[in-house]
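Architecture at a glance
These are the residues of each chain, in order.
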Amino acid sequence: MAEEELMFSMEEVGSPWDGPRSGCAKSGVAFQDSNASDDEDDDEDDLRICPITDDPISPTKGFFDYQKNLVCNQQFSNSLPKNSFTYRATWRHAIQKAKAMPDPWAEFHLEEIETERCTRYRYNAVTGEWAKDDIYIKVSSQVFGKGAMRECYRAKKLSNFSHSSNWKSASNYVAKRYMETVDREVYFEDVRLQMEAKLWGEEFNRHRPPKQVDIMQMCIVEMTSRPGSPLFHLEHFIEGKYTKYNSNSGFVRDDNIRLTPQAFSHFTFERSGHQLIVVDIQGVGDLYTDPQIHTEKGTDFGDGNLGVRGMALFFHSHLCNKICRSMGLARFDLSPSETAQLDCTNKFLQSAKTALRGCEEQCGSPRVRTTSLGHMPVLLSRLSESFSVDESSDTDSIPCSPLSMGISAGRSPMGWSFMNEMNEAYRANIDHKDSENGGDSGYPSEKRSEGDSVEHHSQLTEEKWSFYHSSRSHIHRPSCVAMEVERLNTMLLERKICKSILGKVHLAMVRYHEAGRFCEKDAPWDQISAVYHLERAAMCGELEAIVALGRCYLQLPHHILPEFELEASVENSKRGFCLLLQAAEAGDRPSMILVARALDTGLNLPSDRAMDWKHAVYWYDSALKMTDYDEGGEFDGMQDEPRYLLLARLAEMYQEGGNNLDADPQRAGDLFTEAADAAMEAMKGRLANKYYMQAEEAWAMMEE
């Protein structure tokens, strides 16, 4: 049997996502190498032998695992040529095994439910496009499970290319809908989120972790035959123990701790250049569903996107495990007291059974080895290479998707499902008879020759991958502050202030400590840890943290940690002034005024510096040039010191001279006049008259 014929024979039985028996599969991750033990003990009372690798497997693992093992097990794929007899025979054997597996939903007789024709919407995260077609499903009217927001119904769907109506062999699905009325766009946003997260699972697998992960394929079905055309999410039913490993708010399961889910979340943060993190990891084994993505801006992916606050919640409860270390993920900076609180987690980590294989790829590796699929285009193999990013580029242009960071040559960017869509499109083009009989593939039904179809598909694939290959393909940023500071030091000042997402995460940690989020109710919050993170945020160039820390060192009022005080000392005075000087150089107007006043009057000036009116004039001028306007376009003199006060002080300094500044009566008179005009605009008539008189006195000194 030719390989293409074998693929179609497999498809008739079911693909990993669309086959009749794939819904009966127990998810876990794809089979691992023999030296990578499970995090959880398998049921050893009733084991079967995998027809591909001869490894013992649980009887509930189905065709999904057989197929995925064939591709993901590199030793097997390298040892058996794709055209070998053994290769084809093992596939046939796997198909027969899958056919013989019992249907876990047989007792519910879903085949007797009325068939409904509905519209299906699928999202392709590679192209960012939606595909629309019609399918036939049967949905039970009884709820069999509920979550916090959605309820679940049993469902069955025939394969798109099934030529029979044997509903007993149809795939098992779960149809989910919101219990409360939500905007229809929420359903589409959920699918987009999950498919984006699926791409990050593919990127994680490229780095050869001990256990590979996958995220469920999800689509939307619109029940057009029902009143109001309600929407449902549709996913394959996966049999097995459903576990929530972490949440979008920092929860980490500690009674059955796993290494892979936490390492996967940490990986997405670093591999995306801190642009996002995939959390809320839950599912069966390492097949996940309903994840959440926190992004820097926190404006997309629904209400569950907590932005940098969500990232802070994850890292406060995350203790790097051996998978994190083996993949070169950097430890997030935590204070000693915070680290001590995670000691119990460390004990649980020691009990996890996942074994490292010693071939894990570093997250920042310049090259990532991938598994070969045999007949994949040559172009795809080039996508496994990684390229360095120009660190001077603006972080706003960093993509929040692994698409432009290099896609695995060993697996398609959409995983198995994307390959199935390509196969379905190919079959739809060459199988005109199926379309004439009312097939629900959703692809064009016009007759094409096999050569035309392959050429058309090849052209589309070539264009897509050429675009991704030309994009920046390696944006890795460690989670530790020391490496972030090293990166920022190579950038110009104006490009490194407020440009570090890691700094924003540490600042969010400060706010959580201050709000009592990390302590028991009515217990004192950890001020030492809060200051620790405030210092890290300042080191990363977060302007708000720099200003607050500088004021704190100088015993000046500060809005972050206002109740916390540091003792007055020579060293603290030096640190505080340096921080405010850094903030002034970054464009913070209040800091400019503080630095100018210190150099002008000696107030808050450290002992290693002397009064310098020349530099004070520079900072006063800089503050006056700042475009500090309110929404109406008028200068808001209530925010900082008004312009007329600063202008008057500059005039006095030029009139008097000294401290490295030469007297200039002409300049003083001009500044007094400008101050008077500004006072008149601010409705300060009496003060304006005073400044006009002082201007006349200054010009009189010039004549003398």
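This report concerns the structure included in the present document. Position numbers for residues start from 1 in each chain and track the written sequence from start to end. Per-residue local features are limited, in this predicted model, to residues with pLDDT of at least 70; the limit for side-chain atom pairs, both in listing and counting, is 80 or more; totals at the level of whole chains, interfaces and linings are taken over all residues. The side-chain figures draw on all heavy atoms in the structure; neither hydrogens nor water molecules are used.

Once that is clear, we can look at the overall build of the chain. Summing up its helical and strand segments, the chain has 25 helices and 14 strands in all. Sorting the 704 residues of the chain into buried and exposed places 56% on the buried side. Note on definitions: a residue-residue contact is assigned when non-hydrogen atoms from the two residues lie within 4.5 Å. For the chain, contacts bridging at least 24 residues in sequence account for 68% of all contacts bridging at least 6. Of the roughly 31,200 Å² that the chain leaves accessible, carbon and sulfur atoms contribute 50%. Runs of H or I in DSSP of at least four residues are treated as helices and runs of E of at least two as strands, each being numbered from the N terminus. The cut-offs for exposure are 20% and 50% of the maximum accessible area for each residue type, with area from a 1.4 Å probe on protein chains only; residues under the lower value are buried, those over the upper are exposed, and the others partly exposed. Accessible areas in this description were obtained via Shrake-Rupley with a 1.4 Å probe; residue shielding takes into account the shown protein chains only.

A separate point is the sheet that holds strand S3 (residues 116–124). Strand pairing is assigned whenever DSSP detects at least two bridges linking the two strands. Pairing in this closed barrel of six strands is antiparallel, and the strands run S3-S4-S5-S6-S9-S8 around the ring. Across the sheet, the axes of successive neighbouring strands diverge by a mean angle of 45°, strand direction being ignored. Bridge count between strand S8 (residues 218–222) and strand S9 (residues 231–236): five bridges; the pairing is antiparallel. Directly across from Ile220, in S9, lies its bridge partner His233. Against the sheet, helix H5 (residues 184–206) contacts S3, strand S4 (129–146), strand S6 (171–178), S8 and S9, and its axis sits at roughly 160° relative to S8. An axis is simply a line fitted to the C-alpha atoms; with a helix, the fit covers only the stretch in contact. Between two such axes, the angle follows the N-to-C directions and lies from 0 to 180 degrees.

The strand order across the open sheet formed by four strands is S7-S13-S12-S10, and the pairing between neighbours is mixed. Both outer strands of the open sheet, strand S7 (214–215) and strand S10 (242–244), are each paired with one neighbouring strand and no more. Here strand S12 (residues 282–284) pairs with strand S13 (residues 287–288) via two bridges, running antiparallel. Bridged to Val284 within S13 is Leu287.

Quick look at the pattern of salt bridges now. Working definition: two side chains of opposite charge can pair if their charged atoms are close together. Definition used for salt bridges: Asp or Glu carboxyl oxygen within 4 Å of a side-chain nitrogen of Lys or Arg. Taken as a whole, this structure holds 24 salt bridges when the rule is applied. Note that Glu222 is salt-bridged to Arg184, the shortest N-O span being 2.9 Å. Residue Glu222 is found in strand S8, and its partner Arg184 is found in helix H5; the two are separated by 38 residues along the sequence. Judged by its relative accessible area of 13%, Glu222 is buried. Of the charged contacts in the structure, one is a salt bridge between Glu189 and Arg192, with a shortest N-O distance of 3.1 Å. Taken together, the residues Glu189 and Arg192, both in helix H5 and three residues apart, mark about one turn of the helix. One network of salt bridges, with partners in common, ties together Arg150, Lys176, Glu235 and Asp290.

What follows deals with helix H7 (residues 307–316). Taking burial as the measure, the ten residues of H7 include nine buried ones, the bulk of the element. Listing the buried residues of H7 in full gives Gly307, Val308, Gly310, Met311, Ala312, Leu313, Phe314, Phe315 and His316.

The subject of this paragraph is the packing of helix H18 (residues 527–539) against helix H19 (residues 543–553). Close contact between H18 and H19 brings their axes to 8 Å; oriented N to C, the two are set at 125°. Judged by the inter-axis angle, H18 sits oblique to H19. Here H18 and H19 pass one another in a crossing that is left-handed. Counted together, Leu534, Glu535, Ala537 and Ala538 of H18 and Ala545, Ile546, Leu549 and Tyr553 of H19 form the full contact between these two elements. When describing relative orientation, an angle under 35 degrees is termed roughly parallel and one over 145 degrees roughly antiparallel, while 65 to 115 degrees is termed roughly perpendicular and anything else oblique. Rotating anticlockwise by less than a right angle from the far helix to the near helix defines a left-handed crossing, while the corresponding clockwise rotation defines a right-handed one.

This paragraph deals with the pairing of S8. The two faces of a sheet get side chains in turn, since along a regular strand they alternate between them. Among the five residues that make up S8, five are buried, leaving the element largely enclosed by the rest of the structure. In S8, alternate side chains face the same way, and those of Met218, Ile220 and Glu222 on one face and Cys219 and Val221 on the other are all buried. When S3 meets S8, the two strands line up antiparallel, connected through three bridges. Looking across to S8, one finds that Thr119 is bridged to Glu222.

This paragraph deals with H18. What a helix is expected to span follows from its residue count: subtract one and scale by 1.5 Å. Look at H18: 18 Å from first C-alpha to last across 13 residues, which is about the 18 Å you get at 1.5 Å a residue. The opening residue of H18, the one whose side-chain oxygen lies 3.3 Å from the backbone nitrogen of Ile528, is Asp526. Phi for Gly541, located one or two positions after H18, is positive at around 85°. Under this definition, polar contacts are N or O atom pairs within 3.5 Å; protein pairs additionally need one hydrogen-donor-capable and one acceptor-capable atom, and for neighbouring residues in sequence, both atoms have to be side-chain atoms.

Before going further, it helps to spend a moment on the side chain of Ser573. By the secondary structure assignment, Ser573 is in helix H20 (residues 570–585). Judged by its relative accessible area of 18%, Ser573 is buried. Those residues in contact with Ser573, other than ones at most four positions away along the chain, are Tyr553, Leu554, Leu605 and Pro606.

It is worth spelling out the packing of aromatic side chains at this point. Note on aromatic contacts: the rings of Phe and Tyr and the six-membered ring of Trp form a pair at centre separations within 6.5 Å, being stacked when their planes are under 30 degrees apart, edge-to-face when over 60 apart, and tilted otherwise. One pass over the structure, following the stated rule, counts 16 aromatic pairs. Taking the centre distance of 5.4 Å and the plane angle of 70° together, the rings of Tyr121 and Phe188 count as edge-to-face. Here the residue Tyr121 occupies a position in strand S3, and Phe188 occupies one in helix H5, the gap between them amounting to 67 residues. Just as Tyr121 is buried, Phe188 falls in that class too. One aromatic cluster is present, formed by Phe204, Tyr245, Phe264, Phe267 and Tyr288 through successive ring pairs. Two thresholds decide whether a charge sits over a ring: the Lys NZ or Arg CZ must be within 6 Å of the ring centre and within 35 degrees of the ring normal. The lysine or arginine in question, Arg154, covers the ring of Trp105, its NZ or CZ lying 5.5 Å from the ring centre. The ring of Phe108 has Arg154 lying over it, and the distance from NZ or CZ to the ring centre is 3.6 Å.

Considering the arrangement of structural elements, one finds Ala355 in the loop between helix H10 (343–351) and helix H11 (378–382). By relative accessible area, Ala355 is classed as partly exposed at 23%. Here the alpha-carbon distance between Ala355 and Ile323, two residues 32 residues apart in the chain, equals 8.9 Å.

Moving on, we come to the layout of surface pockets. The rule is simple: put a 1 Å grid over the protein atoms alone, call a set of points where a 1.4 Å probe fits but cannot get out a cavity, call an open set with protein on both sides within 12 Å along at least five of seven lines a pocket, and count a residue as lining if it has an atom within 4 Å of a point. Grid points are joined across faces, edges and corners, and a volume is the space filled by probe spheres set on the points. Space inside the largest pocket adds up to approximately 1,200 Å³. As for the largest pocket, its lining consists of 43 residues, and the residues nearest its centre are Arg150, Lys176, Tyr242, Gln282 and Asp290. Sorting the residues of the lining of the largest pocket by element identifies S4, strand S5 (150–157), S6, H5, S9, S10 and S12 as the ones contributing at least two each. The classification used treats Ala, Val, Leu, Ile, Met, Phe, Trp, Tyr, Cys and Pro as nonpolar, Asp, Glu, Lys and Arg as charged, and all other residues, Gly among them, as polar. Its residues placed into classes, the lining of the largest pocket shows 18 nonpolar, 13 polar and twelve charged.

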